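Spelled out from the first residue to the last, the chains are:
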Amino acid sequence: MEAVGALALLEAERCARIADIAAAMTVESLMGSHKPFLAAIHRVRGHEGQSRVAADLRALLARSEINASHQDEHCGKVQDPYSLRCSPQVHGAARDALAFVRKTLAIEANAGTDNPLVFADALDDIAAGTIVSGGNFHGQPVSQALDLLAMACTQLQTISERRVEQLVNPSLSGLPPFLARNSGLNSGFMIAQVTAAALAAESKILSHPACVDTIPSSAGREDHVSMGMTAALKARTVVENAASGLSIELLVAAQALDLRKPLRPGVGAEAAHGVIRSRVPHMEQDRELHRDITAVRELLPEIEKAARAAAGLG
């Protein structure tokens, strides 16, 4: 469970960073306000992850021509939807959860979990040469952490899917239906949103905790177990779903940014858009979207690197 969980955590941490880039692209695509990301808003609440995400979004959105184009106009919007303006709060909560998971898994990776334990040297209340049976093999700390990992990644998916809906819904976006120029003959990115919704729905089910369950075994000796491997496998699947769901948002947002040209988005969003367009062309007519989604997912490391470098985030 430690091995599977640690690998899932590394990918989940990438997803958390990618989520900020995807959100920045969507904010620009929908001509959303940058004001909800002001540092003061997040400082007065005090959550570390939230403040960090807001800072990253400010950097990714810097020098936006799109934002400058609607600063002095009455756009008719009172506030942006939660999926845009609350991105720091939701992404930040996920980051704080992942920080807890990282701490727990780091402790476990260096832990003595054998049974029995052999103490060659005296330690605390154990004499040198003591061999003693205990319970350090119990997976509850890891199982609990990996359930939280699944919940955190599901949060990233659900808010991402809502942003995709904002992009493809002409009543919300002000853009062509499903981002197809000729929507009467083309479905555009309709099925992309359906796919994101399906992935999010699966992850919600998988986010039911395993660590609260227990089925006794071994004639009642192992009468309380952690179900940690179940938690690890669930978490791994949720992380996979999150990576695909975020790839869908990146793909759809790239199409929407094309429709905002010649205005340029913030530096990080623009860099991410450029990486996507290096492999996936603008969609003029319907085509098989699974190929595009797969291509964007394969590009996630490059998208992250380019966007963060352009934003000065390293």
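Caption draft 1: Main features of the overall build of the chain. In terms of regular secondary structure, the chain is built from 13 helices and two strands. Summarising its shape, the C-alpha atoms of the chain cover approximately 75 × 40 × 35 Å along the three principal directions. Counting across all 314 residues of the chain, residues that qualify as buried make up 48%. Contacts in the chain between residues far apart in sequence, at least 24 positions, make up 78% of those at least 6 positions apart.

Caption draft 2: Expanded view of the pattern of salt bridges. One pass over the structure, following the stated rule, counts 17 salt bridges. Two residues, Glu13 and Arg102, come together in a salt bridge whose shortest N-O distance is 2.7 Å. With Glu13 in helix H1 (residues 2-29) and Arg102 in helix H6 (residues 87-109), this pair connects stretches of sequence that are 89 residues apart. Overall, Arg102 belongs to the partly exposed group, its relative accessible area being 42%. Ionic pairing is found between Asp258 and Lys261, a salt bridge with its closest N-O pair at 3.8 Å. According to the relative accessible area criterion, Asp258 is buried, its value standing at 9%. Judged by its relative accessible area of 54%, Lys261 is exposed. One network of salt bridges, with partners in common, ties together Asp20, Asp56, Arg95 and Arg308.

Caption draft 3: How the structure looks around a nonpolar patch on the surface. Side chains of Met1, Met229 and Leu233 sit close together on the surface and give an oily, nonpolar patch of about 230 Å² of accessible area. Position of Leu233 among the secondary structure elements: in helix H10 (residues 228-259).

Caption draft 4: Representation of H10 within the structure. An ideal rise of 1.5 Å per residue puts 46 Å on 32 residues; H10 measures up with 47 Å between its terminal C-alpha atoms. Burial runs high along H10: 26 of the 32 residues are buried.

Caption draft 5: Just the nonpolar core, in detail. Core analysis: the largest hydrophobic core is formed by 79 residues, its most contacted members being Met25, Leu149, Phe189, Leu250, Val252 and Ile303. Sequence-distant contacts of Ile303, that is, excluding residues within four places in its chain, are made with Ile18, Ile21, Leu250, Ala272, Val275, Ile276 and Val296.

Caption draft 6: Region of the structure containing the environment of Asp121. Inspection of the secondary structure puts Asp121 in the loop between strand S1 (117-119) and strand S2 (130-132). The residues contacting Asp121, other than those within four sequence positions of it, are Ala127 and Ala128.

Caption draft 7: Fine view of the environment of Leu179. Tracing the sequence through the fold places Leu179 in the loop between helix H8 (170-173) and helix H9 (190-206). Separated by 105 residues in the primary sequence, Leu179 and Glu284 have C-alpha atoms spaced 9.5 Å apart.

Caption draft 8: Region of interest: the packing of H10 against helix H11 (residues 267-279). Close contact between H10 and H11 brings their axes to 10 Å; oriented N to C, the two are set at 105°. Compared by their axis directions, H10 and H11 come out roughly perpendicular. Each of Leu250, Ala254, Gln255, Leu257 and Asp258 in H10 lies in contact with H11, whose residues at this interface are Ala269, His273, Ile276 and Arg277. For the contact of H10 with H11, a count of residues per class yields five nonpolar, two polar and two charged.

About the thresholds
Numbering of residues starts from 1 in every chain and runs along the sequence as written. For a predicted model such as this one, the threshold for reporting local features is a pLDDT of at least 70, and the threshold for listing and counting side-chain atom pairs is 80 or more; totals across whole chains, interfaces and linings nevertheless cover every residue. With hydrogens and water excluded, all non-hydrogen atoms of the structure serve as input to the side-chain values. In this description a helix means any DSSP run of H or I spanning at least four residues, a strand means any run of E spanning at least two, and both kinds are numbered starting from the N terminus. The rule is simple: take the accessible area with a 1.4 Å probe, protein chains only, and divide by the maximum for that residue type; under 20% is buried, over 50% is exposed, in between is partly exposed. Any two residues whose heavy atoms approach within 4.5 Å at even a single point are treated as in contact. Counted as salt bridges are all cases of a side-chain nitrogen of Lys or Arg within 4 Å of a carboxyl oxygen of Asp or Glu. Grouping into patches uses exposed residues only, defined as over 30% relative accessible area, and leaves out salt-bridged ones; the cut-off is 9 Å for like charges and 5 Å for nonpolar side chains (Val, Leu, Ile, Met, Phe, Trp, Tyr). Here the accessible surface of atoms and residues is derived via Shrake-Rupley with a 1.4 Å probe, and residues count as covered only by protein chains that are part of the display. By definition here, a helix of n residues has an expected span of 1.5 Å times n minus one. Nonpolar cores were defined as sets of buried Ala, Val, Leu, Ile, Met, Phe, Trp, Tyr and Cys residues, with membership established by side-chain atoms within 4.5 Å. For helices, the fitted axis covers only the stretch in contact; all axes are lines through C-alpha atoms, and the angles between them, taken along N-to-C directions, range from 0 to 180 degrees. Note that the term roughly parallel is reserved for angles under 35 degrees, roughly antiparallel for angles over 145, roughly perpendicular for angles of 65 to 115, and oblique for everything else. Any residue that is not Ala, Val, Leu, Ile, Met, Phe, Trp, Tyr, Cys, Pro, Asp, Glu, Lys or Arg is counted as polar, Gly included; the first ten are nonpolar and the last four charged.

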